[in-house]
Amino acid sequence: MDNRSIAQLLEETADLLEIDGADSFRIRSYRRAAESIQSTTISLSDIAHDARQLQEIPAIGKSMASNIEALEDTGTFSPRKELLEKYGATILELLKLPGMGPKTIALLWDSLHIASVQDLETAIKAGKLDNLPRFGPKHIENLKKAIEDYRQHTGRFLLNVADAEAEAFSAYLRRLDGLKQITVAGSWRRGRETVGDLDILISGPACEEDNAAATAKYVAAYPAIASVLAHGQNKVSFRLRSNLQVDVRLLPESSYGAALQYFTGSKSHNVTLRQRALKKGYTLSEYALARVKDGSVVAARTEEEIYSALGLDWIPPHLRENLGEIEAAAKHTLPHLIELKDIHGDVHAHTTATDGRCSIREMAEAALARGYQYMAITDHSKNLAMTNGLDARRARAHLKRIRKVDEEMEGRIRVFTGIEVDILAGGELDLPDDVLAEMDIVIGAVHTLFNQPRKQMTDRILRAMENPYLRILAHPTGRLLLRREPLDFDLPAVLDRAAELGVAVEQNSSPERLDLGDVNLRLAHEKGCKIVINTDAHHTTHYDNIQYGIRQLRRAWLTRKDVLNTLPAKKFLAALRPKP
Ligand code: DGT
Ligand code: CA
Ligand code: CA
């Protein structure tokens, strides 16, 4: 188990203890241990059997150490397990509702025995909360909205989770002889920002007639499976321990293309394609494109043949949302979409000076190792106290260290100076202009007071962009996928002004942000905004997240010329808003 998961278990335990009315000292000890585990670079798993080493980590005492050792051996953390036995595992759902803390849950449990989102919904409908102290009509309205959001989000998964699961399962499949093709289809192949499940298509001799049963059996024996949901000759469905569902289809090679086309979707793209087929006297199914009159097959083996028989260029899966791609494919005007290899730099990264995990030099070396020509160090500013954000004095000292690393890199890669400066309540930037003036890259971002009313939030961001030093607006909507809704503000108005001022908007590639995201990116592009893609790396390994951002750029129909980081270093800087 990685440190992050362990820390999360401890945090949950602290929440449960708080619901349980435990004494505050005990609750705090779990929270402190969780924080400490998050920030140490030592992997707890590695030292779980060494009580002494464990206790050298701040905030970990003797009993915590023994619980962690047991966790490593048994996979369960007993203080948490005991509490879940008392309240039921569904109590954790309540903790995921925005605006819902342990104190409120304790109140709901004590007065109404509410222990799940479902219980809460039923109680609200029955008007049972109306008589409780501390639950005004506004609060109840907010809870209803939170439940709605929760229902929309549950059952979806972030791309880093989906990718890791898809990769691990594909590796397992590759160990089997006689598989020629393994493709993840569905929303994953279309590059959607989250996925509901994984639709995996396989073919080859191992999937033909006599061999299929044994192959299906091999699939169902995948060790990470929590439960098999369906096990047939040509389809196996299962739920992984991460709760992600996987549908595996065993297909004949002769109709692999038809299945790939069908199960990639989207539904809406497929419906329009089928209508087009019918007009030509064909039917399109998961098995083939065939003539209506006699059922004879026109195309089935590859997607290219199918699209071509329909008079269309092959359509990249990232565009298959029925948003004009079929018309463009008919007219041969599909865009040449941007690719990973077009990106020459990443200009949003953090270091140990604030909440990053690596040094300036380590971040620079890692960017160089990826083949980048430039990168920027953009740590947080002081308003974000929990990240140890930089004040003017520390920002200047940091800048010197960044310049020094830039020199040490001897031109192999340019290391730009920068800052991710907080946009304060009224739109002021968190550092004085004369400090910002010294930076190559000033990125502005909202990190606090997310609940300002729409007008105030809009004015706040607009005002921040009027500061002539601000060159990039980071993760503009502030959303966290599956966790936090976007800020309430007039995005079109902000994009209009960004275009006028030359402020670039960011495609943040962190899998929990993906902000802007496909739809808003397309809008930003239509409005003429400059667009920059970044990873917001807090560790050298986070540079890999760029692939998730690229998928969103492609889904927004963007080409190389639409994104500034496809330019070489000098031209990139010159393409940003000019410094005053
Ligand atoms: P997801 O899993 O919610 O992220 O979204 P998808 O798009 O992967 O949806 P899923 O897993 O239900 O189905 C995979 C693909 O199979 C879908 O994109 C299109 C195709 N498909 C599934 N059911 C239908 C259907 O009833 N009609 C049509 N035309 N296509 C379907
Ligand atoms: Ca799917
Ligand atoms: Ca599916």
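(A) Focus on the sheet that holds strand β16 (residues 504-508). Pairing in this open sheet of seven strands is parallel, and the strands run β11-β12-β13-β14-β15-β16-β17 from one edge to the other. Looking at strand neighbours, the two that pair on one side only are β11 (345-346) and β17 (531-534), the edges of this open sheet. Summarising the sheet, strand β14 (residues 441-445) and strand β15 (residues 472-473) pair through two bridges and their orientation is parallel. The partner of I443 across the bridge, within β15, is I472. In the packing of helix α19 (residues 392-408) onto the sheet, the strands contacted are β12 (374-380) and β13 (414-422), and the crossing angle to β13 comes to about 160°.

(B) Representation of the coordination of the calcium ion (ligand 3). Listed as protein donors to the calcium ion (ligand 3) are D197 (OD), D197 (OD), D199 (OD) and D247 (OD); their distances from the metal cover 2.2 to 3.0 Å. Binding-site remark: the calcium ion (ligand 3) is held by donors from one chain whose sequence spacing is D-x1-D-x47-D. Between the calcium ion (ligand 3) and the calcium ion (ligand 2) the interatomic distance amounts to 3.9 Å, and D197 serves as a bridging ligand to the pair. We classify D199 as buried; its relative accessible area is 11%.

(C) Representation of the sheet that holds strand β8 (residues 282-284). With antiparallel pairing, three strands are arranged side by side in an open sheet as β8-β9-β10. Across the chains shown, the open sheet's two edge strands, defined by having one partner strand only, are β8 and β10 (297-299). Here the strands of the sheet are splayed against their neighbours by 35° on average, with no regard to which way each runs. Inspection of the sheet shows β8 paired to strand β9 (residues 289-291) by three bridges, in the antiparallel sense. By the bridge assignment, L284 is partnered in β9 with L289. Of the strands in this sheet, β8 and β9 touch helix α15 (residues 267-279), which is tilted by about 160° from β8.

(D) Examining the coordination of the calcium ion (ligand 2) more closely. Coordination of the calcium ion (ligand 2) by the protein is provided by D197 (O), D197 (OD) and D199 (OD), with metal-donor distances spanning 2.1 to 3.1 Å. In this structure, the calcium ion (ligand 2) is coordinated by six donor atoms arranged in irregular fashion, with angles at the metal of 64 to 165°.

(E) Highlighting the packing of aromatic side chains. One pass over the structure, following the stated rule, counts 12 aromatic pairs. Seen from their ring centres, Y87 and W109 are 4.7 Å apart, and the 70° between their planes marks the pair as edge-to-face. Of this pair, Y87 sits in helix α6 (residues 78-87) while W109 is found in helix α8 (residues 102-112), placing the two residues 22 residues apart along the sequence. Side by side, Y87 and W109 carry an identical accessibility label, which is buried. Aromatic pair Y222 and F238: ring centres 6.4 Å apart, planes at 50°, arrangement tilted.

(F) Seen up close, the domain arrangement of the protein. Under the domain assignment used here, the protein contains domain 1 (3-153), domain 2 (157-251), domain 3 (264-331) and domain 4 (340-575). Using C-alpha coordinates to define each centre, domain 1 is positioned 33 Å away from domain 2.

(G) Molecular detail of the nonpolar core. Of all hydrophobic cores here, the largest spans 61 residues; its most connected members are M375, V415, I419 and L553. Among residues more than four places away in sequence, those in contact with M375 are D346, V347, M363, A364, A367, I413, R414, V415, F416 and Y543. Counting 50 residues, the second-largest nonpolar core is a separate cluster that includes A33, A65, L84 and V117.

Criteria and thresholds
- Every chain's residues receive numbers from 1 upward, in the order its sequence appears when written.
- Whichever chain is written first is A, and whichever ligand is written first is 1; the rest continue in order.
- Owing to the predicted nature of the model, reporting of local features is limited to residues with pLDDT of at least 70; listing and counting of side-chain atom pairs is limited to 80 or more, with chain, interface and lining totals taken over all residues.
- The side-chain quantities take in all heavy atoms of the structure and omit both hydrogens and water.
- A pair of strands is considered paired only if DSSP assigns at least 2 bridges between the two.
- In DSSP terms, a helix is any run of H or I states spanning at least four residues, a strand is any run of E spanning at least two, and both are numbered starting from the N terminus.
- A contact between two residues is defined here by any heavy atoms of the two lying within 4.5 Å.
- Only the stretch in contact is used when fitting a helix axis, every axis being a line fitted to C-alpha atoms; angles between N-to-C directions are given from 0 to 180 degrees.
- Donor atoms are limited to N, O and S found within 2.8 Å of the metal ion, a distance that becomes 3.2 Å for Na, K and Ca. With water left out, some sites might look partial.
- The classification of residues rests on relative accessible area computed with a 1.4 Å probe and restricted to protein chains. Under 20% of the type maximum is buried, over 50% is exposed, and intermediate values are partly exposed.
- When four donors show all angles between 85 and 135 degrees the site is tetrahedral, when four or six donors have opposite pairs over 155 degrees and all other angles between 65 and 115 it is square planar or octahedral respectively, and in every other case it is irregular.
- Ring pairs are drawn from Phe, Tyr and Trp, using the six-membered ring of Trp, whenever the two centres fall within 6.5 Å, and their geometry is named by plane angle: stacked under 30 degrees, edge-to-face over 60, tilted for the rest.
- Reported domain spans reflect what an automatic or database domain assignment gives.
- Joining through side-chain atoms within 4.5 Å is the link that ties buried Ala, Val, Leu, Ile, Met, Phe, Trp, Tyr and Cys residues into a set, and such a set is a nonpolar core.

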